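Chain by chain, the residues:
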Amino acid sequence: MRNEEQIGYQIKELGRLLDKNVFQKSLLSTGSDTITAMHGWMLGYLYHKRNQEVFQKDIEADFHMAKSSVTSALQNLEKYGYIRRVSVERDARLKKIELTESGLQFHDDVESSIDDMEERLASGLTEKQKHEFFAMLAQIKEQLEKEIAADREKLGKDREK
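Bear in mind that the values here come from a model prediction, so they are computed numbers and not experimental data.

S.K.: Just checking my understanding: could you explain the overall build of the protein chain for this structure?
M.R.: When helices and strands are counted, the protein chain shows six helices and two strands. Reading the helices (α) and strands (β) of the protein chain from amino to carboxyl end gives α-α-α-α-β-β-α-α. Burial statistics for the protein chain: of 161 residues in total, 26% are counted as buried. The long-range share in the protein chain, meaning contacts at least 24 apart out of those at least 6 apart in sequence, stands at 48%. When the accessible surface of the protein chain is summed, it comes to about 11600 Å², and 52% of that surface belongs to carbon and sulfur atoms.

Written out as structure tokens, the structure reads:
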């Protein structure tokens, strides 16, 4: 099967194009050349969960990323002044992750750029096409999530043996 006919390949290519061409341009338009697309997604995640306690393990789970990758990304965001780690009263070992004022402002700037990007991506598509596209993506995502859950369950059973 050729790459052009593989759903996974096409999704990966779209992601690559979004990261390299569209999202990076959005980030650069905010004046940042140090933040990656993944940093931007993490800042957005923290922004939308700003009224909740968020810990590194939450980001690892929700982004399906390894601990070392999340650690590195968070260290960079902290170095650039976009987040801070704050001790939790009930357990000083736990550090919740919060956006700083700079992080909040950066998020607002990126959000505006993302809105512009979304308009460009959707231009030329009818409402029906957008609806069908999102329905297909939801179906693919649901299938992948079922497979991931089944694999985790199988791994858990294998470890019990």
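S.K.: Can you help me understand the pairing of strand β1 (residues 83-88) in this one?
M.R.: For a regular strand, side-chain orientation follows a simple rule: the groups alternate between the two sheet faces. Looking at chain direction, β1 and strand β2 (residues 91-99) are connected through six bridges and run antiparallel. Within β2, the residue paired with R85 across the bridge is I97. The turn joining β1 and β2, which pair antiparallel and follow one another in sequence, is formed by two residues.

S.K.: I would appreciate a short explanation of the nonpolar core in the present structure.
M.R.: Inside soluble globular proteins, nonpolar side chains tend to come together where they are buried. Membership of the largest hydrophobic core comes to 21 residues, with the highest contact counts inside it found for M42, L43, L46, I59, L74, L77 and I83. Elements supplying a minimum of two residues to this core: α2 (37-48), α4 (67-79), β2 and α5 (101-122). Those residues in contact with L46 that sit more than four places away from it in its chain are V54, I59, I83, I97 and L99.

S.K.: Before we go on, may I ask you to explain the side chain of T100 in this structure?
M.R.: Structurally, T100 is set in the loop between β2 and α5. For T100, a relative accessible area of 12% corresponds to the buried category. Those residues in contact with T100, other than ones at most four positions away along the chain, are G81, Y82, I83 and R84.

S.K.: Quick question: what am I supposed to make of the pattern of salt bridges here?
M.R.: A side chain of one charge can pair with a side chain of the opposite charge if their charged atoms are brought near each other. Using the criterion set out here, one finds twelve salt bridges in the structure. Taking the shortest distance from any N to any O, the salt bridge between R16 and E13 comes out at 3.0 Å. In this pair, R16 and E13 are both assigned in helix α1 (residues 7-29), three residues apart and thus about one turn of the helix distant. Overall, the relative accessible area of 22% leaves E13 in the partly exposed class. With a closest N to O distance of 2.9 Å, K130 and E127 form a salt bridge. In this pair, K130 and E127 are both assigned in helix α6 (residues 127-160), three residues apart and thus about one turn of the helix distant. Assessed through its relative accessible area of 59%, E127 is described here as exposed. Put simply, R2, E4 and E5 are held in one network by salt bridges that share partners.

S.K.: Whenever I open this one, the layout of surface pockets confuses me. Can you help?
M.R.: Of the pockets and cavities examined, the largest pocket occupies roughly 1800 Å³. In terms of lining residues, the largest pocket is bounded by 41 residues, among which I11, G15, L18, W41 and L137 are the most central. Secondary structure elements with two or more residues in the lining of the largest pocket: α1, α2, α3 (56-63), α5 and α6. Split into classes, the residues belonging to the lining of the largest pocket amount to 27 nonpolar, seven polar and seven charged.

Each value, and the rule that gives it
- Residues numbered from 1 in each chain as written.
- Predicted model: local features only at pLDDT ≥ 70, side-chain atom pairs only at ≥ 80, totals over all residues.
- Heavy atoms only, no water.
- Helix = DSSP H or I, 4+ residues; strand = E, 2+ residues; numbered from the N terminus.
- Buried < 20%, exposed > 50% of the residue type's maximum accessible area, 1.4 Å probe, protein only.
- Contact = heavy atoms within 4.5 Å.
- Areas by Shrake-Rupley, 256 points an atom, 1.4 Å probe, with all protein chains shown as cover.
- Pairing = 2+ DSSP bridges.
- Core = buried A, V, L, I, M, F, W, Y, C linked by side-chain atoms within 4.5 Å.
- Salt bridge = Lys/Arg side-chain N within 4 Å of Asp/Glu carboxyl O.
- 1 Å grid on protein atoms, 1.4 Å probe; cavity = no way out; pocket = protein on both sides within 12 Å on 5 of 7 lines; lining within 4 Å.
- Points joined across faces, edges and corners; volume = space filled by probe spheres on them.
- Nonpolar A, V, L, I, M, F, W, Y, C, P; charged D, E, K, R; others polar.

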